[in-house]
Amino acid sequence: MRIRTDDEVYRVDAVWLGPPKATFPWRARYVAWAVGIPVFLVVLTIERQLGFGFGFFSTAWAFVATIVITRLITAKISHERPLGAVLTMWVRELNTPRERSTGNGGAVSASKVRVRAERPRPRGARGRASSTRARRGGTHAVAGR
């Protein structure tokens, strides 16, 4: 016995091919149009804020950037994960409380350790430094001591 699933229903994308008798040469889902138009307006706004003028080439690059961004966004969208769920997940991810990377207190802390700018010398080492070097065979330390 073979059980058929309803996957065929979801394989068909809701696609708008353009106006009647003048269809577009590409296929774009409705959700791609719903994402792409606001993305295009945002990209144009960012271009204007950066100081680019409104011309053919700046608009063409905005169009190319819109296509790339829209493809990235719609790659995450499917019938199992609709646009609303992706947006909700994104907003919750941004607003989620994060674990603090800096520690406040704890069992051991080095916050009370005083650090001096110069290295402290032993109290009786001033006169013995030259005799210690002579015993070691010069200014270099002997390995193993």
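Conventions adopted
- Residues numbered from 1 in each chain as written.
- Predicted model: local features only at pLDDT ≥ 70, side-chain atom pairs only at ≥ 80, totals over all residues.
- Heavy atoms only, no water.
- Helix = DSSP H or I, 4+ residues; strand = E, 2+ residues; numbered from the N terminus.
- Buried < 20%, exposed > 50% of the residue type's maximum accessible area, 1.4 Å probe, protein only.
- Contact = heavy atoms within 4.5 Å.
- Salt bridge = Lys/Arg side-chain N within 4 Å of Asp/Glu carboxyl O.
- UniProt positions renumbered as here; feature names shortened; annotations may be inferred.
- Axes fitted to C-alpha atoms, helices over the stretch in contact; angles between N-to-C directions.
- Parallel < 35°, antiparallel > 145°, perpendicular 65-115°, else oblique.
- Left-handed = near helix turned anticlockwise from the far one by under 90°.
- Phe/Tyr/Trp six-rings, centres within 6.5 Å; stacked < 30°, edge-to-face > 60°.
- Expected span 1.5 Å × (residues − 1).

**Examining the overall build of the protein**
Broken down by element type, the protein carries five helices and two strands. The helix and strand sequence of the protein, counted from the amino end, reads α-β-β-α-α-α-α. Burial analysis of the protein (145 residues in total) assigns 12% to the buried set. Of the contacts made within the protein by residues no fewer than 6 positions apart, 33% connect residues no fewer than 24 positions apart.

**Here we look at the side chain of Thr66**
Note that Thr66 resides in helix H3 (residues 56-74). Assessed through its relative accessible area of 5%, Thr66 is described here as buried. Contacts of Thr66, omitting those with residues within four sequence positions, involve Gly36, Val39, Phe40 and Val43.

**Details of the pattern of salt bridges**
Taken as a whole and judged by the stated rule, the model has two salt bridges. Two residues, Arg48 and Glu47, come together in a salt bridge whose shortest N-O distance is 3.2 Å. Given a relative accessible area of 11%, Glu47 falls into the buried group. Two residues, Arg98 and Glu93, come together in a salt bridge whose shortest N-O distance is 3.4 Å. The exposure class assigned to Arg98 is exposed, which follows from its relative accessible area of 53%.

**Topic: the UniProt feature "transmembrane region" (unreviewed entry) in the protein**
According to UniProt, the feature "transmembrane region" (unreviewed entry) maps to residues 30-46 and 52-73 in the numbering used here. Along residues 30-46 the backbone is 100% helical and 0% strand, and the end-to-end C-alpha distance reaches 25 Å. The distance separating the terminal C-alpha atoms of residues 52-73 is 25 Å; by composition the span is 82% helix and 0% strand.

**Some points on the packing of helix H2 (residues 30-50) against H3**
Two elements in contact, H2 and H3, have axes separated by 8 Å at closest approach and are oriented at 135°. In terms of axis orientation, H2 runs oblique to H3. For the pair H2 and H3, the crossing hand works out as right-handed. The segment H2 lies against H3, with Ala32, Val35, Gly36, Val39, Phe40, Val43, Leu44, Glu47 and Arg48 engaging Ser58, Thr59, Trp61, Ala62, Phe63, Ala65, Thr66, Ile69, Thr70, Ile73 and Thr74.

**Some details on the packing of aromatic side chains**
Overall, the coordinates contain two aromatic pairs when judged by the stated rule. Look at Phe40 and Phe63: their rings are 6.4 Å apart centre to centre, the planes differ by 80°, and that puts the pair in the edge-to-face class. With Phe40 in helix H2 and Phe63 in helix H3, this pair connects stretches of sequence that are 23 residues apart. Residues Phe56 and Phe57 carry aromatic rings whose centres are separated by 5.2 Å and whose planes lie at 75° to one another, so their mutual orientation is edge-to-face. By relative accessible area, which is 64% here, Phe56 ends up exposed. With a relative accessible area of 61%, Phe57 lands in the exposed category.

**Description of H3**
Under the 1.5 Å per step criterion, the end-to-end length of H3 is 27 Å for 19 residues, consistent within 8% with the ideal 27 Å. Contacts made by the buried residues of H3 are with strand S2 (28-29) and H2.

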